[in-house]
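Next come the chains, spelled out residue by residue.
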Amino acid sequence: MIRVTFVCLGNICRSPMAELLFKNMVKERGLASSFEITSGGTFDYEEGSPFYSPAKETLRAHGVEGEHTARKVTMDDVAKSDYLLVMDENNFRDLTEFAGDAGKGKIFMLLSFASRGGAVADPWYTRDFEKAYSDIEEGCRCFLDFIINSKERSER
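Small disclaimer: the values here were computed from a predicted structure and weren't measured.

A.B. asks: Looking at this model, I keep getting lost on the side chain of aspartate 88. Mind explaining?
C.D. replies: With respect to the helices and strands, the residue aspartate 88 is situated in the loop between β3 (83-86) and α4 (89-99). Among the polar contacts made by the side chain of aspartate 88, one reaches the main-chain amide nitrogen of asparagine 90 at a distance of 3.1 Å. A distance of 2.8 Å separates a polar side-chain atom of aspartate 88 from the backbone nitrogen of asparagine 91.

Right, dumping it as structure tokens:
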């Protein structure tokens, strides 16, 4: 079982988009039983809030459905996750500080798995949910390819 937690600031836009999109990707490839996928925020001020509707509608326009309620990442998430995939440098810094030694070797920028690297555009500020979707889709696709290729190499 591979445990993945997607992380952004408030857990209402980018990380739930990544969670639901990645769940959809692994399901389409017949790998859903091999993954446990969740998301959370580095701060709790949106805790209990619903999935931000423009983010939800953007996923729906791409054929991805799902519900989400915001929550803060916990130390239990850090302990249980194999990968904690953050959306930007601020999330990386905040989660690294929060997780301490327990996060070593587990925290990665989502787009570090894509050849271009960088941060996932934050639609809360840009209002460009399509750009965020595009970044997240690329990162999730490249991350899944990384996992599949790693598994194939280890089986040889």
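A.B. asks: Would you mind going over the packing of helix α1 (residues 14-28) against helix α2 (residues 53-61) with me for this structure?
C.D. replies: The description of two packed helices rests on the angle between their axes and on the distance between the axes. Where α1 contacts α2, the axes come no closer than 10 Å and their chain directions differ by 25°. Taken together, α1 and α2 sit at an angle that is classed as roughly parallel. With respect to the hand of their crossing, α1 and α2 are arranged in right-handed fashion. Contact residues: α1 offers Pro16, Met17, Leu20 and Leu21, while α2 offers Ala55, Thr58 and Leu59. When its residues are assigned to classes, the contact of α1 with α2 shows six nonpolar, one polar and no charged.

A.B. asks: Would you mind showing me how to read α2 here?
C.D. replies: When α2 is considered as a whole, its buried residues turn out to be Ala55, Lys56, Thr58 and Leu59. Around the axis of α2, the buried residues are gathered within 160° of arc, so they sit on the same side. A positive backbone phi angle near 80° is found at glycine 63, which sits one or two residues after α2.

Rules behind the numbers
- Residues numbered from 1 in each chain as written.
- Predicted model: local features only at pLDDT ≥ 70, side-chain atom pairs only at ≥ 80, totals over all residues.
- Heavy atoms only, no water.
- Helix = DSSP H or I, 4+ residues; strand = E, 2+ residues; numbered from the N terminus.
- Polar contact = N/O pair within 3.5 Å; in protein donor to acceptor, adjacent residues only side chain to side chain.
- Axes fitted to C-alpha atoms, helices over the stretch in contact; angles between N-to-C directions.
- Parallel < 35°, antiparallel > 145°, perpendicular 65-115°, else oblique.
- Left-handed = near helix turned anticlockwise from the far one by under 90°.
- Contact = heavy atoms within 4.5 Å.
- Nonpolar A, V, L, I, M, F, W, Y, C, P; charged D, E, K, R; others polar.
- Buried < 20%, exposed > 50% of the residue type's maximum accessible area, 1.4 Å probe, protein only.
- Arc of directions from axis to C-beta.

All we've got here are geometric facts, nothing functional implied.
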